[in-house]
Amino acid sequence: MALTTRWGRLDEGINPWADAYDAPIEDTFTVEGIGGTGTVYTSTEGGGAASFTCEDNYHYVTVSVYPGTGMRGDLKANLINLATSMTPWVCQGHTAPGLPAPIGQAQWPHPTPTP
């Protein structure tokens, strides 16, 4: 497994870090123009995860990459960029490419797969 992406609503019992790579080095990040909080974890082995919680404290996106996947470049920057790239869909209600409706409507109450 090279990359996992998890997004959704922070309903009771939902852990945005579930299945994410557990890395020890923690930092925070922001997304320009979008309110919320971001946390990124990296490791010297090449794995890490980044999660952004929208300012409504209800929606989130988490991306994770595992060591040995061959990701090139700056791991921390790549994780932050991956999470940030999804924030318009997750936090602002924009329609994600390939979905017929905004991501929140596509996932609830009837999940819609991306083609």
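Before going into details, it helps to say that this report is about the structure given with it. Source: prediction; values computed, not measured.

Details of the pattern of salt bridges
Pairing between side chains of opposite charge can happen when their charged atoms approach one another.
1) Next: For the coordinates displayed, the defined rule picks out 3 salt bridges.
2) Next: Between Arg9 and Asp11 there is a salt bridge, and its shortest N-O distance comes to 3.7 Å.
3) Next: Among the ionic pairs, Asp27 bridges to Lys76, the shortest N-O distance being 2.3 Å. Here Lys76 lies in helix H1 (residues 75-91) and Asp27 lies in strand S2 (residues 25-31), a separation of 49 residues in the sequence.
4) Next: Residue Lys76 is classed as partly exposed on the basis of its relative accessible area of 34%.

Re the side chain of Thr62
1) Next: Looking at the element boundaries, Thr62 is found in strand S5 (residues 59-65).
2) Next: Judged by relative accessible area, Thr62 falls into the buried class, the value being 2%.
3) Next: Those residues in contact with Thr62, other than ones at most four positions away along the chain, are Thr4, Thr5, Arg6, Pro16, Trp17, Ala20, Ala50 and Ser51.

Thoughts on the packing of aromatic side chains
1) Next: Following the criterion strictly, the structure yields 3 aromatic pairs and no others.
2) Next: Consider the rings of Trp17 and Tyr41, whose centres lie 5.1 Å apart with planes at 80°: the pair is edge-to-face. Within this pair, whereas Trp17 is found in the loop between strand S1 (3-9) and S2, its partner Tyr41 is found in strand S3 (residues 34-42), the two being separated by 24 residues in sequence.
3) Next: Residue class for Tyr41 comes out partly exposed when judged on its relative accessible area of 23%.
4) Next: With a centroid separation of 6.0 Å and 35° between ring planes, the pair formed by Phe29 and Phe52 is classed as tilted. Taken as a pair, Phe29 in strand S2 and Phe52 in strand S4 (residues 48-54) lie far apart in primary sequence, 23 residues in all.

Brief notes about the environment of Ala18
1) Next: If you trace the backbone, Ala18 turns up in the loop between S1 and S2.
2) Next: A relative accessible area of 24% places Ala18 in the partly exposed class.

Calculation notes
Residues numbered from 1 in each chain as written. Predicted model: local features only at pLDDT ≥ 70, side-chain atom pairs only at ≥ 80, totals over all residues. Heavy atoms only, no water. Salt bridge = Lys/Arg side-chain N within 4 Å of Asp/Glu carboxyl O. Helix = DSSP H or I, 4+ residues; strand = E, 2+ residues; numbered from the N terminus. Buried < 20%, exposed > 50% of the residue type's maximum accessible area, 1.4 Å probe, protein only. Contact = heavy atoms within 4.5 Å. Phe/Tyr/Trp six-rings, centres within 6.5 Å; stacked < 30°, edge-to-face > 60°.

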